[in-house]
Amino acid sequence: GAALALSLTTPAFAQKKLTLGFAQVGAESEWRTANTASIKDAAAKAGINLKFSDAQQKQENQIKAIRSYIAQKVDVIAFAPVVTTGWDTVLKEAKAAKIPVVLTDRSIETSDPSLYVTMIGSDFTEEGRKAARWMLDNVKGDVVHIVELQGTVGSAPAIERKKGFEEVIAGKGSYKIIRSQTGDFTRAKGKEVMEAFLKAEGKKINVLYAHNDDMAIGAIQAIEEAGMKPGKDVIVISVDAVKGAFEAMMAGKMNVSVECNPLLGPQLMDIVKDVVAGKPLPKRINTKEGIFTADIAAKEFPNRKY
Ligand code: GZL
């Protein structure tokens, strides 16, 4: 009848514009800044109406933002869970409101995986393995003393980057993690904790393994202020491969950074459209990423997008 004909001919611009509610972790690192830019840019390009919030790395703020998106009846909710636990209650509220949820970047522990449609992000365990494999191939010695700057306590990247690294050095008696503490993924905290490591262990430290470049860059300042040469006296192994890491590698102050790709925006918008269209999606979508060493940093730098 006429109604059917009308609906079939409704022009694209008249179709309801999709609204995505995104609850971001914060703005703690270069990685996060690039991730936010990618999401905002991709939403605009996809013609998706984006509601965006920054939780300053606090879970209660992310939960508040998700509740506000439920109240505003957005079409889809997406977020990067700052920590892995404590999400079931608010995700049940989203399910009751029939709003699909997509996880980005970091995963969660949940008693009910049906509470989210899919998770798009990096394999952090493999990132930890890549960091350790580079160290075994490039740092030799009868005893190698490692200090570790962990990411945010309870976050998937911190848990899994630690696990992957330790998996590879297990059984290699000469590689020893002598200090390990969180620097909360920030430059300031990374510097502060590295100062404490240096005070306690000084020249005994051979390697720094930092779970992200921002903490590594803060630690590099602490190493220099302690009169040691980062990249030489202390081998610096990091993760993310953001611009700051390339600059440190070109200056000879960082030895390697394992890439963690923040540019999830375009894939996320495709997922949002697929979810609304009711298309089946895999539970886990991995982002592609490599590893970058100081010797190729200058050549690769011009190609970097974040
Ligand atoms: C990893 C992301 C981490 C980055 C940090 O996907 O969750 O959080 O490695 C960021 O730089 O703070």
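Just so we're clear, the structure is a prediction, and the values are computed from it rather than from any experiment.

**Regarding the overall build of the chain**
Argument step 1. Per the secondary structure count, the chain includes 11 helices and 12 strands.
Argument step 2. Along the first, second and third principal axes, the C-alpha atoms of the chain reach 80 × 40 × 30 Å.
Argument step 3. Looking at the chain residue by residue over its 306 residues, the buried ones come to 54%.
Argument step 4. Long-range contacts, defined here as pairs at least 24 residues apart, represent 74% of the contacts in the chain between residues at least 6 apart.
Argument step 5. For the chain, the accessible surface area stands at approximately 13400 Å², while carbon and sulfur atoms represent 56% of it.
Argument step 6. Charge centroids of the chain, computed over 42 positive and 37 negative side chains, lie 3 Å from each other.

**Looking at the sheet that holds strand E6 (residues 144–150)**
Argument step 1. On the basis of which strands lie adjacent, the open sheet formed by six strands has the order E7-E6-E8-E9-E10-E12 and mixed pairing. The sheet is open, and its two borders are formed by strand E7 (175–182) and strand E12 (291–293), each paired with just one other strand. On average, each strand axis in the sheet is tilted by 20° relative to the strand beside it, whichever way the strands run.
Argument step 2. Alignment of strand E8 (residues 207–210) against strand E9 (residues 235–240), held across three bridges, turns out to be parallel.

**What about the sheet that holds strand E1 (residues 19–24)?**
Argument step 1. Taken together, six strands build an open sheet; the order of strands is E2-E1-E3-E4-E5-E11 and the sheet is parallel. The outermost strands of the open sheet, each flanked by one partner alone, are strand E2 (49–54) and strand E11 (284–286). Each strand of the sheet is rotated relative to its neighbour by a mean of 20°, with strand direction disregarded.
Argument step 2. Bridge analysis of E1 against strand E3 (residues 76–79) gives four bridges, and the strand direction is parallel. The residue of E3 that forms the bridge with Ala23 is Phe79.

**Quick look at the confidence of the model for the chain**
Argument step 1. Of all residues in the chain, 95% attain a pLDDT of 70 or more, and the chain-wide mean is 95.
Argument step 2. Scored as a whole, the predicted complex attains pTM 0.92, and scored at its interfaces, ipTM 0.96.

**Some remarks on the environment of Leu20**
Argument step 1. Inspection of the secondary structure assignment puts Leu20 in strand E1.
Argument step 2. Its relative accessible area of 0% is what places Leu20 among the buried residues.
Argument step 3. Ignoring any residue separated from it by four or fewer positions in sequence, one finds Leu20 in contact with Ile48, Asn49, Leu50, Lys51, Val76, Ile77, Ala78, Leu268, Met269 and Val272.

**Considerations on the packing of aromatic side chains**
Argument step 1. Counting across every chain of the model gives five aromatic pairs.
Argument step 2. Ring geometry for Phe22 against Phe52: centres 6.0 Å apart, planes inclined by 10°, an arrangement best described as stacked. Placement of Phe22 in strand E1 and of Phe52 in strand E2 is noted, with a sequence separation of 30 residues between them.
Argument step 3. Judged by its relative accessible area of 0%, Phe22 falls in the buried class.
Argument step 4. Plain terms: the ring middles of Phe165 and Tyr209 are 4.0 Å apart, the flat faces sit at 10° to each other, and that makes the pair stacked. Taken together, the residues Phe165 in helix H6 (residues 156–169) and Tyr209 in strand E8 connect sequence positions 44 residues apart. Comparing Phe165 with Tyr209, the two get one shared label, buried.
Argument step 5. Here a set of aromatic residues connected by ring pairs shows up, and it is made of Phe246, Phe292 and Phe301.
Argument step 6. The positively charged end of Lys40 is found above the aromatic ring belonging to Phe52, 4.5 Å away from the centroid.

**Quick look at helix H3 (residues 59–71)**
Argument step 1. Its 13 residues give H3 an end-to-end C-alpha distance of 19 Å, which sits within 8% of 18 Å, the value for a rise of 1.5 Å per residue.
Argument step 2. Turning to H3, the residues buried within the fold contact E1, E2, E3 and helix H4 (88–96).

**A word on unusual backbone geometry**
Argument step 1. Notably, Asp184 is not glycine yet its phi reads approximately 55°, a positive angle.
Argument step 2. Position of Asp184 among the secondary structure elements: in the loop between E7 and helix H7 (187–201).

**Observations concerning the nonpolar core**
Argument step 1. Leu149, Met194, Leu208 and Met254 are the most contacted members of the largest nonpolar core, which has 27 residues in total.
Argument step 2. Counting residues per element, this core draws most heavily on helix H8 (residues 213–225), at six residues.
Argument step 3. If we ignore the near neighbours within four places in the chain, the residues touching Leu208 are Val147, Leu149, Met194, Ala216, Ala219, Val234, Ile235, Val236 and Ile237.
Argument step 4. Core analysis: the second largest hydrophobic core is formed by 26 residues, Ala131, Leu136, Val139 and Ile169 among them.

**Let's talk about the site of the ligand**
Argument step 1. Residues in contact with the ligand amount to 13 residues; listed here are only the nearest, Glu28, Asp105, Arg106, Arg161 and Asp240.
Argument step 2. Contacts to the ligand include Arg161, whose side-chain N or O atom sits 2.8 Å from an oxygen atom.
Argument step 3. One nitrogen or oxygen atom from the side chain of Asp240 is found 2.6 Å from an oxygen atom belonging to the ligand.
Argument step 4. Summarising the interface, the protein chains cover 100% of the accessible area of the ligand, which totals 310 Å² for the free molecule.
Argument step 5. Elements represented by at least two residues in the shell around the ligand include exactly helix H2 (30–46) and H6.
Argument step 6. Here the residues of the shell around the ligand are counted per class, giving five nonpolar, two polar and six charged.

Basis of the calculations
Residues numbered from 1 in each chain as written. Predicted model: local features only at pLDDT ≥ 70, side-chain atom pairs only at ≥ 80, totals over all residues. Heavy atoms only, no water. Helix = DSSP H or I, 4+ residues; strand = E, 2+ residues; numbered from the N terminus. Buried < 20%, exposed > 50% of the residue type's maximum accessible area, 1.4 Å probe, protein only. Contact = heavy atoms within 4.5 Å. Areas by Shrake-Rupley, 256 points an atom, 1.4 Å probe, with all protein chains shown as cover. Lys, Arg positive; Asp, Glu negative; His and termini not counted. Charge placed at Lys NZ, Arg CZ, Asp CG, Glu CD. Pairing = 2+ DSSP bridges. Axes fitted to C-alpha atoms, helices over the stretch in contact; angles between N-to-C directions. pLDDT = per-residue confidence, 0-100. Phe/Tyr/Trp six-rings, centres within 6.5 Å; stacked < 30°, edge-to-face > 60°. Lys NZ or Arg CZ within 6 Å of the ring centre and 35° of its normal. Expected span 1.5 Å × (residues − 1). Core = buried A, V, L, I, M, F, W, Y, C linked by side-chain atoms within 4.5 Å. Near = heavy atom within 4 Å. Polar contact = N/O pair within 3.5 Å; in protein donor to acceptor, adjacent residues only side chain to side chain. Nonpolar A, V, L, I, M, F, W, Y, C, P; charged D, E, K, R; others polar.

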